[in-house]
Structures are given as structure tokens and as C-alpha cells.
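Observations on chain architecture
The residues making up each chain are set out below.
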Amino acid sequence: MNRHLTIFYAVRNVGGAQLLFARLAAQLQKNCGWKIQLVDYEDGFIRKHFIKFSVEHDFIVWNDGDKVNLCDTTLLLGFGELPQALPVFSANKNVSVLLWSVHPHNVLAYFRFGFIYRRIAVGLRAKLSSFLEPLTRKKTHLLMDYLNRNNSLIFMDKPSSMYAQCMFSFKEAKYLPIPISMEIPEINKERKINKKRISVGWLGRLDNNKYNSIVASLNSCSIYSEKYDCEVYFHIIGDGEALEKLKNSHFSGVKLIFPGVLLDDSLSEYLVKNFQVGFAMGTSVLEISKHQIPSVITDYSTKSIPCEEIPYRWFYDSNELDVGEVYGEVSRKPSISIDDILYVATNTKINSQIGKLCADKAYSEYEIENVTEKLIDYIDGLTSSFSEIKSLLGK
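First, a word on what this report is: a plain description of the structure on this page.

Parameters and conventions
Residues numbered from 1 in each chain as written. Predicted model: local features only at pLDDT ≥ 70, side-chain atom pairs only at ≥ 80, totals over all residues. Heavy atoms only, no water. Helix = DSSP H or I, 4+ residues; strand = E, 2+ residues; numbered from the N terminus. Rg over C-alpha atoms; globule rule 2.2 N^0.38 Å. Buried < 20%, exposed > 50% of the residue type's maximum accessible area, 1.4 Å probe, protein only. Areas by Shrake-Rupley, 256 points an atom, 1.4 Å probe, with all protein chains shown as cover. Axes fitted to C-alpha atoms, helices over the stretch in contact; angles between N-to-C directions. Parallel < 35°, antiparallel > 145°, perpendicular 65-115°, else oblique. Contact = heavy atoms within 4.5 Å. Nonpolar A, V, L, I, M, F, W, Y, C, P; charged D, E, K, R; others polar. Phe/Tyr/Trp six-rings, centres within 6.5 Å; stacked < 30°, edge-to-face > 60°. Lys NZ or Arg CZ within 6 Å of the ring centre and 35° of its normal. Pairing = 2+ DSSP bridges. Polar contact = N/O pair within 3.5 Å; in protein donor to acceptor, adjacent residues only side chain to side chain.

Another aspect to go through is the overall build of the chain. When helices and strands are counted, the chain shows 15 helices and 15 strands. In terms of overall size, the chain behaves like a compact globule, its C-alpha atoms giving a radius of gyration of 21 Å where 395 residues would be expected to give roughly 21 Å. When the backbone C-alpha atoms are referred to their principal axes, the chain occupies close to 65 × 50 × 35 Å. The burial tally for the chain puts 57% of its 395 residues in the buried class. When the accessible surface of the chain is totalled, it reaches about 17,600 Å², and 48% of it is carbon and sulfur.

The structure is reproduced here in C-alpha cells:
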């Protein structure tokens, strides 16, 4: 009998989180023989991804607020998506639940004033939420206890678990890393470094909480350009609400290039041709690294970042599955400078060495086959029930 998994992560735009769910489901269906059921918009990103790559699946059309009935399946959804699903999903007793936290602020989705909590120090969030929303906090604490007792909550990295642990004390966190396929087209396996032209870039969604990080990197490149009397070509791949602000910005000595949204082979070809070093966070760090391109981790930020305080670090040198934190919430000194980064961009030997270290780390910790095996182990250990969660929270 085939195993059965239901995915719920309904968004229309391109982004790292939705790629995680889409890739894992495709791996389970194509390589492990699982039956996949998808709850998504008719024009949702995962739905289109499944059609494009011929992923066999049953489809339930999601319209915001519509009722969804589930039977005899495991429901995999983002930790931040559960509040959206609880009022309208119903399930029999054989529907288990696995929540995957894929963003440091996922836990704040449970609170009406989450937009306030994300603007204050991590250590103050529990106290303020207890004062402003005591009932919500009590129910969410019960949920966290239930999820942890029943092996139903996993985190993509240490930063995501840290923020949840600061809000609700629990001792152990389970992790499922971001999955990445290390296969790349044959034509992209040879990279050439142009020593006379500095060509770097950003890959990822252009959300407002990433805008300040991108601008900080652009300001750093501008300072470097003035210091060494050179021009820096900076490619920005992606789309989002911050795109127009970036297009209307000017940074002395930096030439901005906007190729739009790129996926799959087109993305690989563009990265190999134009990225001597890549700046990114989340899934995009791995997309760059797998091409043996040196990748620099940047952090989310809702405020401007002084150039001298940007906590740059090479992906290969990160730990605890770190692919980006929230700037200012973790005390971290920069481990590398923009001078270090742009020197690596034009030094063929060191570029190759760091690129290989980044690719090796991506393969050893994030390769999709290994991550899928870990996901199956987590599903096998589930003792939760969606109906019990609804009952617990009075939904």
C-alpha cells in the first residue's frame, strides 16, 4: 500500500519555502512511491511546479476560507500556516500532522500582535504577549506542548527553533534541513572568473524584510568601488514588493542589473555566467552553493544596517544549519568584510576553493535524498492527530 502525504502551503509567488515543500513532495512521489495530495490555489506555485515536472498528485482547490476534508493521510504544512488551516480543515482520526518551521518568525503567526513582537527584543516577546494576549498565549503554549510530545514540530535551522524556544520554553528541537538537489546541467559545471570585472549578485525574493540587507550589501560594494576605483556589477535575481524601490535606487560605482525571476536551467546558466560570489539567505544560499559559487549568508532586517556591522559569513563556515537569521536579534560580529568577499570574487584559485567548500557543505547537510529519508523517519514517529489539535484549541 502506498504511503500518503497531503501538502498545504498555498502561495502564488516564487519563493524558497514553497520550493522546499514542492521538491520534497516530488521526491517522495517519484523516488519513494508515495501518493501526494495537494491543497493549493488553482494557479498556486506548488501546483504549477507539479504540473511542470509531471508530479502525480490528487488536487484539492484552495480558495481562502473554503472547507477542506481530509482522510487517512499525513498533513505536512508550514508552522505559520496552521492558524489558517484550523478553522476550515476537518479530518478523521487517522490524519496525523507534521509542522515545519521554515522562517524565524513563524511562531508569531499565532498572535494578533505578532507584527509588534517582531519589532522588539526576543527576550521581551514572551512577557509582552502574556500581557497583551494571555488567552492566545495559553492556547499556543498548550499547542507547543502537544506538538513536541507527539513529535509533530520540526525546524529548518537553529535560528527558527531559538525564536520559538524564547517564546515557549522547551528543551529539545528536531530539525529537517532545507532540501536541495545537487544535479546541475552539464554545461554549467565549468566556471570562468573574469579578473578584470567584479560581478556578484543577490538571489531570492525581494521582500521588504530583505530590502535592508540588500541595500547594506550594495552600500558596501559602493564603498569598495570608491576605495579601489573600480566598478561592481551587481545582479539582483527575484521579484517582490521591494523590487521597484531597488530599481529606483542609485549606488555610486555599482551597476545594477535586474534579470527578473529565473528558475531551473535558466537560473543555473545565469548564476554560472554572472555570479563570482552570491549574496543570499535561506534556500537561495544552497542554489548558489551547489554550483560551486562562493555564497555569503545575509540576514533579515526591518531596519537599516550600518556597513561596518553587516554580519557576513561564508556559507561553508556557518553552523547549526544557519542560512540566515534576524539582524540584531543574535549577537554576531562580522567574520568577513566586503574587501574579503570581493577579493575572492576575482581570485580564481581562492574562488574555486571556497566555491567547492560551499558545494561540499550543501551536499553533506542538505542533499535532497538524505533530507527525504529524515522526513520519512519523522513521519513514522508521529503520534499526533489533526482532530486532537482542533479539539485542544477549541476550533
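Attention now moves to the packing of helix α1 (residues 16–32) against helix α14 (residues 368–380). Running from amino to carboxyl end, α1 crosses α14 at an angle of 85 degrees, the nearest separation of the two axes being 10 Å. Taken together, the axes of α1 and α14 lie roughly perpendicular to each other. Between α1 and α14, the contacting residues are Arg23, Leu24, Gln27, Leu28 and Cys32 on the first element and Ile368, Glu369, Val371, Thr372, Leu375 and Ile376 on the second. When its residues are assigned to classes, the contact of α1 with α14 shows 7 nonpolar, 2 polar and 2 charged.

For Ser220, the location among the structural elements is in helix α8 (residues 208–228). With near-sequence residues (within four places) excluded, Ser220 lies in contact with Cys307, Ile310, Tyr312 and Ile338.

This part takes up the packing of aromatic side chains. Evaluation of the coordinates by the stated rule reveals 14 aromatic pairs. Judged by centre distance (4.8 Å) and plane angle (20 degrees), the ring pair of Tyr9 and Phe21 falls under stacked. Residue Tyr9 is found in the loop between β1 (4–8) and α1, and its partner Phe21 is found in helix α1; the two are separated by 12 residues along the sequence. Its relative accessible area of 0% is what places Phe21 among the buried residues. Aromatic rings pair up to connect Phe8, Trp62, Phe89 and Phe386 into one cluster. A cation over a ring is seen here: Arg47 above Phe59, with NZ or CZ 3.9 Å from the ring centre.

Here we take up the sheet that holds β1. Across the sheet, 7 strands lie side by side as β3-β2-β1-β5-β7-β8-β9; this open sheet has parallel pairing. Two strands in the sheet have a free side with no partner beyond their single neighbour: β3 (58–61) and β9 (174–175). Where strand β5 (residues 74–78) meets strand β7 (residues 96–101), 5 bridges bridge the pair, whose relative direction is parallel. Each residue of the ladder has a partner; that of Leu76, found in β7, is Leu98.

On to the environment of Ile120. Mapped onto the fold, Ile120 is located in the loop between α4 (114–117) and α5 (122–132). Taking the C-alpha atoms as reference, Ile120 lies 39 Å from Ala26; in sequence the two are 94 residues apart.

Another point: the pairing of β5. Of all 5 residues in β5, 5 are buried; the element is thus mostly enclosed. Where β1 and β5 come together, 4 bridges link them in parallel fashion. Looking at β5, one finds that Ile7 is bridged to Leu76.

Let us look at the environment of Gln276. Mapping Gln276 onto the fold places it in the loop between α10 (264–274) and β13 (277–280). The class of Gln276 is buried, set by a relative accessible area of 5%. Taking the C-alpha atoms as reference, Gln276 lies 29 Å from Ala22; in sequence the two are 254 residues apart. Of note is the side chain of Gln276, whose polar atom sits 2.9 Å from the backbone oxygen of Arg197.

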